[in-house]
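Chain by chain, the residues run as shown.
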Amino acid sequence: MDKKKLTGAAYALLQGFYWMGLGTAIGYCAVYLQGRGYSNLQLGLVMALGYILSLLLSPALASLVDSAKRVGVFSVSWALLLAQALALLLLILLPGQSIAVSALYMLYICACICGNPMLTQLSIELSRRGRPVNYAAARGFGSIFYAVGVLLLGLLAKRVGSFVLPYAGLAVLLFQAAALSALRLSGVRSALPAAGSGKAAVSLGRFIRENRRFCLLLLGTALIYFTHNLTNNFLINVVRHVGGDTGSMGALSCFMAVLEFPVMLLYNRLTRRFLCGSVLRLSIVFFALKALAIALAGSMTGLYAAHLLQIFSFALFTPTMVRYVNLHISGADSAKGQSLAYSMSTLGSVFASFLGGLLFDSINIPAVLFIGAAVSVLGALLCQFCIEKDA
């Protein structure tokens, strides 16, 4: 295998094992912490604080990658993997629920989430190095790995208990480390050249002032992701409401992820004839439609039918947002743009986690889901006004 093919394969595996790890950290957070005796409000608070930490840390790491000479994407990625491993090892040693357990899970969530914009930036910098990778296809492999991971974890947790999740998380981190090492073996260095435009990266504050419309678009995506994560973070509650269990949740999560794979794998071909802004508008509308369909679902069959809209919402949105940032944000500030885009989805997750825990403990599940659907519609409307035409 030549070095270019090795780079592409290693990057696809890195995406795959990253999303498998995220499925463990976020997708099964409720199952794991409920198994330790946490209430919906308590686990929601843990998730929210983990998201807030990542919201603060991720743009700082991106600014460091944009401007620093010696600190590259590889160095940051290794540090994030080590932080996750440390958190999981200590979680295995500590019993029950405590401040220490909560703090460690916050660290685990934070480090895991911060890895995503680094993966996106890595694909951009690989292209600058002459080793282009197909980001959408690699992200599609992420969906397949996520599907396999959540399905196996659901069955495993059902059979032996939720305590097994940190061990699964550590195993996935080892595979991520192997894939990251394989990228280095392909000849790619840690310090990759900056974009060729010659324009210097600006501070985060100045970036926000100079890209106000883009930032308003991100605010709209935060509202959309509030609802997206309201259902995903507390999916076990939604599934139990219609008569399912942990195994059912794993199967449904697997179904969602499998739907994403063909769209992401064929994304470049599917969208070749369509403007990026138009595809982004379409995906955002389907986010709102999916939220309404989930709220109306009264059975597992209904939930499966609602999640068919994953094809036109999340599966389209994820690679299109990366493409949109590349088109409308200066290359020198690309890491900040990608990081802020992901941070706004994280901001939605913050409110989904905290308010979701409060809502699920206070009112009935259908009412919570209809509130989420209303927020998603509001976010979709804001986005439609802020998406710029392709140049």
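As shown above, the structure is provided for reference.
Everything in this summary refers to the structure shown in the same document. Remember, it's a predicted structure, so these values are computed and weren't measured experimentally.

Parameters at a glance
- Residue numbers run consecutively from 1 along every chain, following the written order of its sequence.
- With the structure being a predicted model, the display of local features is reserved for residues of pLDDT at least 70 and the display and counting of side-chain atom pairs for 80 or more, all residues being used for whole-chain, interface and lining totals.
- Think of the side-chain values as coming from all heavy atoms in the structure, minus any hydrogens and water.
- Numbering of helices and strands runs from the N terminus; a helix is a DSSP stretch of H or I covering at least four residues, while a strand is a stretch of E covering at least two.
- The globule rule used for comparison is 2.2 Å times the number of residues to the exponent 0.38, while the radius of gyration itself is calculated over C-alpha atoms.
- We call a residue buried when its accessible area falls under 20% of the maximum for its residue type, exposed when it is over 50%, and partly exposed in between, using a 1.4 Å probe and counting protein chains only.
- In this analysis, two residues are considered to be in contact whenever any of their non-hydrogen atoms come within 4.5 Å of each other.
- Methods summary: accessible areas were calculated by the Shrake-Rupley approach with a probe of 1.4 Å, and residue burial reflects only the protein chains presented.
- The charge count includes Lys and Arg as positive and Asp and Glu as negative, but it does not include His or the ends of the chains.
- Here the site of a charge means NZ on Lys, CZ on Arg, CG on Asp, or CD on Glu.
- The pairing test for Phe, Tyr and Trp rings, Trp by its six-membered ring, is centres within 6.5 Å, and the orientation test on the planes gives stacked under 30 degrees, edge-to-face over 60, and tilted for anything in between.
- Criterion for a charge above a ring: Arg CZ or Lys NZ at most 6 Å from the ring centre, at most 35 degrees from the ring normal.
- Axes here refer to lines fitted to C-alpha atoms; in helices the fit is confined to the stretch in contact. Angles between the N-to-C directions go from 0 to 180 degrees.
- Note that the term roughly parallel is reserved for angles under 35 degrees, roughly antiparallel for angles over 145, roughly perpendicular for angles of 65 to 115, and oblique for everything else.
- In this count, Pro and Cys sit with the nonpolar residues alongside Ala, Val, Leu, Ile, Met, Phe, Trp and Tyr, while Asp, Glu, Lys and Arg are called charged and the others, Gly among them, polar.
- By definition here, a helix of n residues has an expected span of 1.5 Å times n minus one.
- A 3.5 Å cut-off defines polar contacts: any pair of N or O atoms within that distance qualifies, except that in protein one atom must be a possible hydrogen donor and the other a possible acceptor, and neighbouring residues in sequence count only when both atoms are side-chain atoms.
- Grid points spaced at 1 Å and placed over the protein atoms alone form the basis of the search, with a cavity being a set where a 1.4 Å probe fits but cannot get out and a pocket an open set showing protein on both sides within 12 Å along at least five of seven lines. Lining residues have an atom within 4 Å of a point.
- Grid points are joined across faces, edges and corners, and a volume is the space filled by probe spheres set on the points.
- Left-handed describes a crossing whose near helix is turned anticlockwise from the far helix through less than a right angle; right-handed describes the clockwise counterpart.
- Nonpolar core, defined: a set of buried Ala, Val, Leu, Ile, Met, Phe, Trp, Tyr and Cys residues in which side-chain atoms within 4.5 Å join the residues together.
- Each patch is built from residues lacking any salt bridge and having more than 30% relative accessible area; the joining distance is 9 Å for like charges and 5 Å for nonpolar side chains (Val, Leu, Ile, Met, Phe, Trp, Tyr).
- Throughout this description, the term salt bridge denotes a Lys or Arg side-chain nitrogen within 4 Å of a carboxyl oxygen of Asp or Glu.

As a further point, take the overall build of the chain. The helix and strand inventory of the chain stands at 17 helices and zero strands. For the chain, the C-alpha radius of gyration of 20 Å lies close to 21 Å, the compact-globule estimate for 391 residues. Dimensions of the chain, computed from C-alpha atoms along their principal axes, come out at roughly 55 × 45 × 40 Å. Buried residues in the chain amount to 58% of all 391 residues. Nonlocal contacts in the chain, meaning residues at least 24 apart in sequence, comprise 87% of its contacts between residues at least 6 apart. Here the chain has roughly 15800 Å² of accessible surface; of this, 68% comes from carbon and sulfur atoms. In the chain, 28 side chains carry a positive charge and 10 a negative one; their mean positions are 6 Å apart.

This paragraph deals with the packing of aromatic side chains. Centre-to-centre distance and the angle between the planes together describe a pair of aromatic rings. Applying the stated criterion across every chain yields a total of eleven aromatic pairs. Ring geometry for Tyr18 against Trp19: centres 5.4 Å apart, planes inclined by 90 degrees, an arrangement best described as edge-to-face. Of the two residues, Tyr18 and Trp19, both sit in the buried class. Through a chain of ring-to-ring contacts, three or more aromatic side chains come together here, namely Phe17, Phe145 and Phe175. Sitting above the plane of the Trp19 ring, Arg139 keeps its charged end 3.7 Å from the centroid.

This paragraph deals with the packing of helix α6 (residues 135-160) against helix α11 (residues 246-265). In contact at an axis separation of 8 Å, α6 and α11 are set at 170 degrees when each is read in the N-to-C sense. The angle between α6 and α11 places the two elements in the roughly antiparallel class. Residues that form the contact of α6 with α11 fall into these classes: 16 nonpolar, seven polar and three charged.

Mapped onto the elements of the fold, His228 is located in helix α9 (residues 212-233). The residues contacting His228, other than those within four sequence positions of it, are Phe287, Lys290, Gln310 and Phe314.

On to α11. For α11, with 20 residues, the first-to-last C-alpha span of 29 Å sits near the 28 Å given by 1.5 Å per residue. When you tally the buried positions in α11, you get 14 out of 20 residues, the bulk of the element. The opening residue of α11, the one whose side-chain oxygen lies 2.9 Å from the backbone nitrogen of Ser248, is Asp245.

For the rest of this paragraph, the subject is empty space enclosed by the protein. Taken as a whole and assessed by the stated rule, the structure comprises four cavities of 30 Å³ or more. Computed from the structure, the largest cavity encloses a volume of approximately 680 Å³. Counting residues per element, the ones that place at least two in the lining of the largest cavity are α1 (3-27), α5 (99-128), α6, α9, α11, α15 (314-328) and α16 (334-362). Residue classes in the lining of the largest cavity are distributed as 21 nonpolar, 17 polar and two charged. Roughly 120 Å³ of internal volume is contained in the second largest cavity. What lines the second largest cavity is Leu14, Tyr18, Ser77, Leu80, Leu81, Gln84, Ala111, Gly115, Met118, Leu119, Gln176 and Leu180. Among the residues forming the lining of the second largest cavity, the class breakdown is eight nonpolar, four polar and no charged.

What follows is about the packing of α11 against helix α14 (residues 300-307). Relative to each other, α11 and α14 sit at 20 degrees, their axes nearing to 10 Å. Viewed along their axes, α11 and α14 adopt a mutual orientation that is roughly parallel. Read as a crossing pair, α11 and α14 show a hand that is right-handed. Facing α11, whose interface residues are Ser248, Ala251, Leu252, Phe255, Met256 and Leu259, α14 presents Met300, Leu303, Tyr304 and His307. Classifying every residue of the contact of α11 with α14 by side-chain character gives eight nonpolar, two polar and no charged.

In this section: the nonpolar core. Among the nonpolar cores identified, the biggest contains 90 residues, and Tyr11, Leu22, Leu33, Tyr105, Ile109, Leu122 and Leu303 are the most heavily contacted of them. Ranked by residues supplied to this core, first place goes to α5 with 15 residues. In this structure, Leu122 is in contact with Tyr11, Leu14, Val73, Phe74 and Leu183, ignoring residues within four places of it in sequence. Judged by nonpolar contacts, the second largest core, of 27 residues, contains Leu55, Leu217, Ala341 and Met344.

Topologically, Ala295 is positioned in helix α13 (residues 276-296). For Ala295, a relative accessible area of 7% translates into the label buried. Here the alpha-carbon distance between Ala295 and Val368, two residues 73 residues apart in the chain, equals 8.3 Å. Leave out the neighbours within four places in its chain, and Ala295 touches Leu369 and Phe370.

Taken together, Leu41, Leu45, Leu49, Ile52, Leu56, Phe351, Phe354, Leu355 and Leu358 make up a surface patch of nonpolar side chains, about 720 Å² in accessible area. Elements with a contribution of two residues or more to the nonpolar patch: α3 (40-67) and α16. Ranked by the residues each element gives to the nonpolar patch, the list is headed by α3, at five residues. Along the chain, Leu41 falls in helix α3.

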